[in-house]
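# Chains, contacts and geometry: an overview
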Amino acid sequence: MINIVLFVKDFEKGTELSDHLTAIDIKVAFAESIRDLPDQCQIGIVDLDDEKFGDVHFISELNSQTKMTILGYMEKMHKNSLDKLKAAGCDLVLSKASIVKNIQSLVKEILK
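Quick look at the structure, then. Every chain is numbered on its own, with residues counted from 1 as its sequence reads. For a predicted model such as this one, the threshold for reporting local features is a pLDDT of at least 70, and the threshold for listing and counting side-chain atom pairs is 80 or more; totals across whole chains, interfaces and linings nevertheless cover every residue. Water and hydrogen atoms were dropped before computing side-chain values, which therefore reflect all heavy atoms in the structure.

### Topic: the packing of aromatic side chains
A pair of aromatic rings is counted whenever rings of Phe, Tyr or Trp (Trp by its six-membered ring) have centres within 6.5 Å, and the orientation is called stacked for planes under 30 degrees apart, edge-to-face for over 60 and tilted otherwise. For the structure on display, the rule yields three aromatic pairs. Their ring planes at 75° and their centres at 5.1 Å tell us that Phe-7 and Phe-58 sit as a pair that is edge-to-face. In this pair, Phe-7 is assigned in strand E1 (residues 2-7) and Phe-58 in helix H2 (residues 56-65), connecting sequence segments 51 residues apart. Exposure remark for Phe-58: the relative accessible area of 9% places this residue in the buried category. Numbered from the N terminus, helices here are DSSP runs of H or I no shorter than four residues, and strands are runs of E no shorter than two. Only protein chains enter the accessibility calculation, which uses a 1.4 Å probe. A residue is then buried if its area is under 20% of the maximum for its type, exposed if over 50%, and partly exposed in between.

Pasting the structure below:
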């Protein structure tokens, strides 16, 4: 089974993402830190608006310690922030509005 970890503290957004992912037979885990990762995670979804998870150092550490694809989302996209997060290892950054709407097709594409 495919594993995805969510670094999301917003309960409502986490539930929405989890519901969409479990609908396509994806196992979802929630994590508070890199130490909480389940075995063999293919994708990490990160709330980049969160003070802890949206930090460039966190993304860089997650990228260097795992081989997972990192998808981030944020309310307002700022070019300067996007460039730094992508340089740190975030593979794709989406708007908060589009992450739930597009998560199933994104995951299917990444896992091809």
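### Remarks on the nonpolar core
Nonpolar cores are built from buried Ala, Val, Leu, Ile, Met, Phe, Trp, Tyr and Cys residues. Side-chain atoms within 4.5 Å join them into one set. Counting residues in each nonpolar core, the largest one holds 19 residues, and the members touching the most others are Phe-7, Val-46, Leu-48, Ile-59 and Leu-62. Beyond its immediate chain neighbours, meaning those up to four positions away, Val-46 contacts Phe-7, Phe-53, Ile-59, Leu-62, Ile-70, Leu-71, Gly-72 and Tyr-73. Ranked by size, the runner-up nonpolar core spans 17 residues in total, among them Leu-17, Ile-45, Leu-71 and Tyr-73. Residues count as neighbours in contact if any of their non-hydrogen atoms are within 4.5 Å of one another.

### A few points about the pattern of salt bridges
The term salt bridge refers to a pairing of a side-chain nitrogen on Lys or Arg with a carboxyl oxygen on Asp or Glu at a separation within 4 Å. Taken as a whole and judged by the stated rule, the model has four salt bridges. Residue Asp-10 pairs with Lys-96 through a salt bridge whose shortest N-O separation is 3.8 Å. Placement of Asp-10 in the loop between E1 and helix H1 (11-22) and of Lys-96 in helix H4 (residues 96-110) is noted, with a sequence separation of 86 residues between them. Classification of Asp-10 by relative accessible area gives partly exposed; the value is 30%.

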